[in-house]
Amino acid sequence: MIGLSATPKVSLADEQVKIRVWGLPPQQPATIRAWLKDEKGEIFQSRAFYISTMEGEVDLEEALATGGDFQGVLPMGLLWSLKPTTPFFRLVKRDVMGSPFLIHLEVYPYVVLLPSHKDIPSATQIIQRWYVTPGVQRYPVREGRIRGTLFLPPGEGPFPGVIDLFGGFGGLIEFRSSLLSSRGFACLALAYFAYEDLPKQLDILELEYFEEAAQFLLSNPKVVNHGIGVIGVSKGGEIALALACYLPMVKAAVCINGTNAVYGYTLTYRDLWIRGIPYQVSRMEITDLGLMRVSSLMDEARKPEHQGSILPIEKAKGPVLFLVGEEDQAYNSLTFAMEAIARARNRGKNDVHLLSFPGAGHLLEPPGSPLCHVSQKGRGSPPNLWGGELVAHCTAQETSWMEILRFLFSHVGVSKQSKL
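Residues numbered from 1 in each chain as written. Predicted model: local features only at pLDDT ≥ 70, side-chain atom pairs only at ≥ 80, totals over all residues. Heavy atoms only, no water.

K.L.:
Please explain helix α3 (residues 207–218) as it appears in this structure.
P.N.:
Helical geometry note: an α-helix holds 3.6 residues per turn, so side chains three or four residues apart project in the same direction. Counted at 1.5 Å a residue, the expected span for α3 with its twelve residues is 16 Å, and the 16 Å between its end C-alpha atoms agrees. Of all the positions in α3, only L207, Y209, F210, E211, A213, A214, L217 and L218 are classed as buried. (Helix = DSSP H or I, 4+ residues; strand = E, 2+ residues; numbered from the N terminus. Expected span 1.5 Å × (residues − 1). Buried < 20%, exposed > 50% of the residue type's maximum accessible area, 1.4 Å probe, protein only.)

K.L.:
Could you clarify how one ought to interpret the sheet that holds strand β12 (residues 146–152) in this entry?
P.N.:
Adjacent strands of a sheet form backbone hydrogen bonds with each other and so pair up, either parallel or antiparallel. Pairing in this open sheet of eight strands is mixed, and the strands run β11-β12-β14-β13-β16-β17-β22-β23 from one edge to the other. Strands with a single pairing partner mark the edges of an open sheet, and in this sheet they are β11 (137–143) and β23 (352–357). Between one strand axis and the next, the sheet turns by 20° as a mean value, whatever way the strands run. As defined by bridge partners, strand β13 (residues 159–165) adjoins strand β16 (residues 223–233) across six bridges and the pair is classed as parallel. By the bridge assignment for β16, F159 is matched with V223. (Pairing = 2+ DSSP bridges. Axes fitted to C-alpha atoms, helices over the stretch in contact; angles between N-to-C directions.)

K.L.:
Teacher, can you tell me more about the domain arrangement of the protein here?
P.N.:
How large an interface is tends to be reported as the accessible area lost when its parts come together. Parsing the protein into structural domains produces domain 1 (3–130) and domain 2 (137–412). Each of domain 1 and domain 2 has a C-alpha centre, and the two are 32 Å apart. A combined buried area of about 2,100 Å² lies between domain 1 and domain 2, and 63% of that area is made up of carbon and sulfur atoms. On the domain 1 side of the contact with domain 2, W80, F88 and R90 bury the most area, a combined 39% of that side's loss. For the interface between domain 1 and domain 2, the tally reads three salt bridges. One salt bridge connects R90 with E365, and the closest N-O pair in it is separated by 2.2 Å. Here domain 1 is connected to domain 2 by seven residue pairs in polar contact (both at pLDDT 80 or more). (Domains from an automatic or database assignment. Buried area = accessible area lost by both parts, 1.4 Å probe. Salt bridge = Lys/Arg side-chain N within 4 Å of Asp/Glu carboxyl O. Polar contact = N/O pair within 3.5 Å; in protein donor to acceptor, adjacent residues only side chain to side chain.)

K.L.:
Just to check I follow, could you spell out the confidence of the model for the protein for this structure?
P.N.:
Should the pLDDT be low somewhere, the predicted coordinates at that spot are not to be read in detail. Per-residue pLDDT for the protein averages 95, and the proportion of residues at 70 or more is 98%. Confidence over residues 415–420 falls short of pLDDT 50; this stretch has 19 contacts with residues more than four positions distant or in other chains. (pLDDT = per-residue confidence, 0-100. Contact = heavy atoms within 4.5 Å.)

K.L.:
Would you mind showing me how to read the pairing of strand β5 (residues 43–51) here?
P.N.:
Look at any regular strand and the pattern is simple: side chains alternate between the two faces of the sheet. Taking burial as the measure, the nine residues of β5 include seven buried ones, the bulk of the element. For strand β4 (residues 29–37) and β5, the ladder comprises nine bridges, and the chain directions are antiparallel. Its bridge partner lying in β5, A30 is registered against Y50. In sequence, β4 turns back onto β5 through a hairpin of five residues, with G41 there showing a positive phi of about 85°. Of the pairings in the sheet, the one linking β5 to strand β8 (residues 83–84) comprises two bridges and is antiparallel in character. Residue pairing across strands places Q45 opposite K83, the latter belonging to β8. Bridging between β5 and strand β7 (residues 67–68) involves two bridges; their strand directions are antiparallel. When the bridges of β7 are listed, A48 appears paired with G68.

Shown next, in the form of structure tokens:
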């Protein structure tokens, strides 16, 4: 009888899962398939082909995938390589508190390219991938102008506080914040446009809004009150750097594939006014497959006419960590990071760090997240090319997540509830 095990069956989304099959015909091809249905009803799936051992086993920690969505020994390959059946959909957990992703695992004792009604799996298993650990509390935030969600770990605290920012599509995304809270942070997932009554477009960015959010976070008795950290990806990484430069309560910033200058919008703070570097829409590059490479829109910040838009990283009160995917197809993120570091060091600021990952793309997310190489905002918009190679990108997610946790705990404050 063919059996299938996945350990643990219930886990946080950033944890490893061990998958093993037994009872197969010895030294014969077999297919292991994974699939899930997201909250919008979209199916994401992957499959890998193996040759069973003499004992009729396939252990993903040791077995070599001979084909399918990946090749080689990849214990988490089935999760890393999940792809949408509808092109260009991105897998995003929306209801982080109410339900996990249910990942269905199936085993077939032969090669299955696309399963049909005739293909009946010989063994199945369902694993739960949660984005929040038991005891984490979620609080919608509608305080003054602030719109977002606050996640607090179980216990009395105080916990290190972090503001979490996503990119240029706007809205409110919570899955990284809930995972950070599960690892011991008081985390505010902060929307800043295209959400509820916030501006629909990002035309003017008032840093007072983020200052208000930081003060709100620091006022919570369960939050360490000596300062906060910020983390952002893409446009959120650009804003995280701006907050580090201008807000004194920001003690550490993590900038994931961001820029070193203001692009597209106007940034204001009190009597400060910075005009963003205009996007060069006429330079938009479209690939043979009709995918947009957004990096072609971004003029070089080093040009003399753009010097006033460069963010003064030397003014940051605390350290800055740049995380860069070298195969980023949306931003020239490695160039941006290196220029920021050079500026900082030329002005005597040495606590600016770079972790650069060959083969990784733009959307560096928590471990266990599948590579999103391309996605689109909506059915009427052209798809954006993000880049990345499967193994290199997903390995970078494993490494960068641990570095993010260590960096923020080290510079914002270590909590007794830390699960590192």
